[in-house]
Amino acid sequence: MALFYGLLIASMVLLGGSAVYALFWAAGEGQFTNMEEGSKIIFDKDEPEGEITDAFPGIDAKKEIARKQARRLSTAGAPKS
Amino acid sequence: MSNAATSKPVSAPLPDIHDAADRAAVDASCRLPVLSFFASAVFWLIVGTVFALLASIKMHNPQFAVEIPASLAHWLNQFYPLVPANTVETLNGALTFGRVRPAHLNTVAYGWASTAALGVGIWLMARLCRVQLRYPRFVTAAAVIWNIGVFVGTAAILLGESTGVEWLEFPAYATFILFIAYALISIWAVDMFVHRRPGHVYVSQWYIMAALFWFPWLYATANILIHHESVQGSVSAIVNWWYGHNALGLWFTPMGLAAAYYFIPKVIGRPVHSYYLSAFGFWSLALFYSWNGGHHLIGGPLPAWVITASIVASVMMVIPVVVTAINHHMTMKGNFHVLEYSPTLRFVVFGAMSYTLASLQGTTMAIRSLNTVTHFTDYTIGHSHLGLYAFFTMIMFGSMYYIVPRLVGCEWRSAVLIKIHFWSCAYGIIFMVLILTVGGLVQGLMMRDAAIGFDKIVENMVVYKYFRSVSGVLLTVGHVVFAFHFSLMLLRLGRTEGGPTLFRPLETT
């Protein structure tokens, strides 16, 4: 029984300790410096910022959005002229 | 912001090809393991949905489908030497509510949600570590073992071997199989992390690594404890809900948020609004969430301080939730029109919004004065579906819409099928949560009135149960459509012409 509780408490201390260790490891590693740059790691040269990477099959989202914007601009501009 | 799309034809395309080819190689290395997890997830989703419908119908028609196992057993009896003599006794009662309901919970939690989460997590790990998936056969073996565990556990529940502890109904021999599979994935994740390409560790990786680290410990500890002699009675209850809530908070939530933190910025092509907030959200979630389980036992026979500590932690959860909500909203701000064009974004943003809603609702439900009304009512069931379905499941659907084409190498067959899937699931779950919330409040207020007999309350709830079944049918439609569409993809019957979600950079070469 003592062994059981000992193991239980030891595993809890280990788990909590590992979280603290991870925090200090990350800080020491410099993971928390220059974070704004870090957030851009999900982009590549061929999938840069500004590139929409998903759309319904058969649709080019970028073209559709551009077309819609052009239409909105033309209808918005029409009454003025 | 550089506009590489317009400059691409002019500049030398070499570095671009390199990145795209790199990504394609990483995706290709994930093909077998991730698709094994996804295929089994979709299979268990359908099984779980059938159990869900059965359980829901039994709430208003208790005898529905009860005789099926017994008549099946009688029919099997004619093959007597081949089937055991006690088949009737064994199968009788397999489809009663008391077994179908835990079968539903466990097939959707361990069969669908966990399996989908593992698939998405494995793919994200490979992509964010930016190395090809190591030991794909090892990971595939884990998928097979995981499925055996879920199958054995579900069969055991239907045959009456459930432990009777909610979320931990699988008997010890099934949980042991699941634990082995899970531990294999965790070991694999550590190996991937060690061999990652140097550089920044993205916030999604933090969430995935934490979840893969917390859950096996949590699962093993809870399963050993509930079978231990010193954990009986009310101690068993607190172990039960310590596990039950941590499974949501330290396993499903981090996996869902990991996917949201990757897919929202990646699909719209804009980095997370505030990366500081995302790190802050992660560490505050790690600090507060594990305390929350006790709020399931408000009014229960436990030391008051245990429950009060849980309530305090539940209120503190507002911090990571609001931080995440602000972050996702500000990332999306100005890009909401992309929702019209991207299936992944639709599902994931729906899920992220539901996360905020479900979590804030959970905080209010932990406050004693509201809990006296909502405890033991359908309000709680509504809340759990808002969390595990509207938040988690929708994010998993969205992630799969992004990942699967990149693994099988063809585009989803039909935009219409995706839209049917989205709208029937979205309306289905909104409808279900509303019905359960309103029904639960009515039920809770009636139960507080000593003048109303319990039989009256039960009668009064029947109409809500009918409508709940209707909402369940909507969800079923969505799931069947998705399973069909997914099967087409597995058979590579998708579109082969280059869609925008697919290797466009490769095609330009």
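Residues numbered from 1 in each chain as written. Chains lettered and ligands numbered in written order. Predicted model: local features only at pLDDT ≥ 70, side-chain atom pairs only at ≥ 80, totals over all residues.

1. What about the overall build of chain A?
Here is step 1 of the chain: Secondary structure summary: chain A contains three helices and zero strands in total.
Here is step 2 of the chain: The order of helices and strands in chain A, counted from the N terminus, is α-α-α.
Here is step 3 of the chain: A principal-axis box enclosing the C-alpha atoms of chain A has dimensions of 85 × 30 × 30 Å.
Here is step 4 of the chain: Residue burial in chain A is summarised as follows: out of 81 residues, 17% are buried. (Helix = DSSP H or I, 4+ residues; strand = E, 2+ residues; numbered from the N terminus. Buried ≥ 20, exposed ≤ 12 C-beta atoms within 10 Å, placed from the backbone.)

2. Considerations on the overall build of chain B
Here is step 1 of the chain: Within chain B, the secondary structure is distributed over 18 helices and zero strands.
Here is step 2 of the chain: The C-alpha atoms of chain B give 23 Å as radius of gyration, which agrees with the globular expectation for 509 residues (23 Å, within 12%).
Here is step 3 of the chain: The principal-axis extent of the C-alpha atoms belonging to chain B is close to 80 × 60 × 45 Å.
Here is step 4 of the chain: In chain B, once contacts between residues fewer than 6 apart in sequence are set aside, the share between residues at least 24 apart is 83%. (Rg over C-alpha atoms; globule rule 2.2 N^0.38 Å. Contact = placed C-beta atoms within 7 Å.)

3. Concerning the environment of S471 of chain B
Residues and elements named next belong to chain B.
Here is step 1 of the chain: Locating S471 in the fold gives a position in helix 17 (residues 454-490).
Here is step 2 of the chain: What makes S471 buried here is the crowd of 21 C-beta atoms within 10 Å.
Here is step 3 of the chain: With 39 residues separating them in the primary sequence, S471 and M432 have C-alpha atoms 5.4 Å apart.

4. As for the domain arrangement of chain B
All names here are of chain B.
Here is step 1 of the chain: Domain boundaries in chain B define domain 1 (27-199) and domain 2 (221-509).
Here is step 2 of the chain: Between the C-alpha centres of domain 1 and domain 2 the distance comes to 19 Å.
Here is step 3 of the chain: Elements with a contribution of two residues or more to the side of domain 1 that touches domain 2: helix 2 (14-60), helix 5 (97-129) and helix 7 (172-194).
Here is step 4 of the chain: It is helix 2 that contributes the most residues to the side of domain 1 that touches domain 2, 17 residues altogether.
Here is step 5 of the chain: Taken together, the residues that form the side of domain 1 that touches domain 2 break down as 22 nonpolar, six polar and three charged. (Domains from an automatic or database assignment. Nonpolar A, V, L, I, M, F, W, Y, C, P; charged D, E, K, R; others polar.)

5. A short note on the confidence of the model for chain A
Here is step 1 of the chain: Residues at a pLDDT of 70 or more form 93% of chain A, whose mean pLDDT is 84.
Here is step 2 of the chain: Of all secondary-structure elements in chain A, the lowest mean pLDDT belongs to helix 3 (residues 61-77) of chain A, at 80, while helix 1 (residues 2-29) of chain A reaches the highest, 89. (pLDDT = per-residue confidence, 0-100.)

6. Some points on the environment of A222 of chain B
Residues and elements named next belong to chain B.
Here is step 1 of the chain: Structurally, A222 can be placed in helix 8 (residues 203-226).
Here is step 2 of the chain: Here A222 falls in the buried class, since 22 other C-beta atoms lie within 10 Å of it.
Here is step 3 of the chain: Along the chain, A222 and H337 lie 115 residues apart, while their C-alpha atoms are 45 Å from each other.
Here is step 4 of the chain: Here A222 is in contact with L168, V239 and Y243, once residues within four sequence places are set aside.

7. Quick look at the interface of chain B and chain A
Here is step 1 of the chain: Of the residues lining the interface, 48 residues belong to chain B; the matching set on chain A comes to 32 residues.
Here is step 2 of the chain: Mapped by element, the contributors of at least two residues to the side of chain B that touches chain A are helix 1 (4-7), helix 2, helix 8, helix 9 (234-268), helix 10 (275-288), helix 13 (343-365) and helix 16 (415-447) of chain B.
Here is step 3 of the chain: In terms of residue class, the side of chain B that touches chain A is made up of 29 nonpolar, twelve polar and seven charged.

8. Examining the packing of helix 15 (residues 378-408) of chain B against helix 17 of chain B
Residue and element names in this part refer to chain B.
Here is step 1 of the chain: It is at 12 Å that the axes of helix 15 and helix 17 come closest, and there the two elements cross at 15 degrees. On the basis of their axis angle, the class for helix 15 and helix 17 is roughly parallel. For the pair helix 15 and helix 17, the crossing hand works out as left-handed. In this structure, helix 15 uses D378, F397, V404 and V408 to contact helix 17, whose residues at the interface are Y464, F482, F486, M489 and L490.
Here is step 2 of the chain: Residues that form the contact of helix 15 with helix 17 fall into these classes: eight nonpolar, no polar and one charged. (Axes fitted to C-alpha atoms, helices over the stretch in contact; angles between N-to-C directions. Parallel < 35°, antiparallel > 145°, perpendicular 65-115°, else oblique. Left-handed = near helix turned anticlockwise from the far one by under 90°.)

9. Remarks on the nonpolar core
Residue and element names in this part refer to chain B.
Here is step 1 of the chain: Counting 154 residues, the largest nonpolar core has Y207, A211, M255, A259, I264 and V348 as its most contacted members.
Here is step 2 of the chain: Among the elements that make up this core, the one with the highest residue count is helix 9 (22 residues).
Here is step 3 of the chain: In this structure, this core is formed jointly by two domains, domain 1 (27-199) and domain 2 (221-509), each of which donates at least three residues.
Here is step 4 of the chain: Here I264 is in contact with H328, T331, M332, L345, V348, V349 and A352, once residues within four sequence places are set aside. (Core = buried A, V, L, I, M, F, W, Y, C linked by C-beta atoms within 7 Å.)

10. Some details on helix 7 of chain B
All names here are of chain B.
Here is step 1 of the chain: Helix length check: helix 7, at 23 residues, gives a terminal C-alpha distance of 33 Å against a target of 33 Å (1.5 Å per residue), a fit within 8%.
Here is step 2 of the chain: Regarding helix 7, the residues found buried are A174, T175, L178, A181, Y182, I185, W188, A189 and M192.
Here is step 3 of the chain: Packed against the buried residues of helix 7 are helix 5, helix 6 (136-158) and helix 8. (Expected span 1.5 Å × (residues − 1).)

11. Let's talk about unusual backbone geometry
Excluding glycine, most residues fall at negative phi; most peptide bonds, likewise, are trans.
Residue and element names in this part refer to chain B.
Here is step 1 of the chain: A positive phi angle is found at Y135, which is not glycine, with a value near 50 degrees.
Here is step 2 of the chain: Along the chain, the position of Y135 falls in the loop between helix 5 and helix 6.
Here is step 3 of the chain: Not every positive phi belongs to a glycine, and R492 is a case in point at roughly 60 degrees.
Here is step 4 of the chain: On the secondary structure map, R492 appears in the loop between helix 17 and helix 18 (504-507).

12. Thoughts on the confidence of the model for chain B
Here is step 1 of the chain: Mean pLDDT over chain B stands at 91; residues scoring 70 or higher make up 94%.
Here is step 2 of the chain: Segment residues 1-15 of chain B is flagged for pLDDT under 50; beyond a separation of four residues in sequence, or across chains, it makes twelve contacts in the model.

13. Notes on the environment of F179 of chain B
Residue and element names in this part refer to chain B.
Here is step 1 of the chain: Along the chain, F179 falls in helix 7.
Here is step 2 of the chain: Residues F179 and W146 lie 33 residues apart in sequence; the distance between their C-alpha atoms is 8.3 Å.
Here is step 3 of the chain: Beyond its immediate stretch of four places on either side in the chain, F179 contacts P216, Y219 and A220.

14. Let's talk about helix 5 of chain B
Since one α-helical turn is 3.6 residues long, residues separated by three or four positions face the same way.
Residue and element names in this part refer to chain B.
Here is step 1 of the chain: An ideal rise of 1.5 Å per residue puts 48 Å on 33 residues; helix 5 measures up with 45 Å between its terminal C-alpha atoms.
Here is step 2 of the chain: Its axis deflected by about 30 degrees at T107, helix 5 carries its strongest bend there.
Here is step 3 of the chain: The buried fraction of helix 5 amounts to 31 of the 33 residues, a majority that puts the element mostly inside the structure.
Here is step 4 of the chain: R130 sits one or two residues past helix 5 and shows a positive phi near 55 degrees. (Bend = angle between axes of the 7 residues up to and from the residue.)

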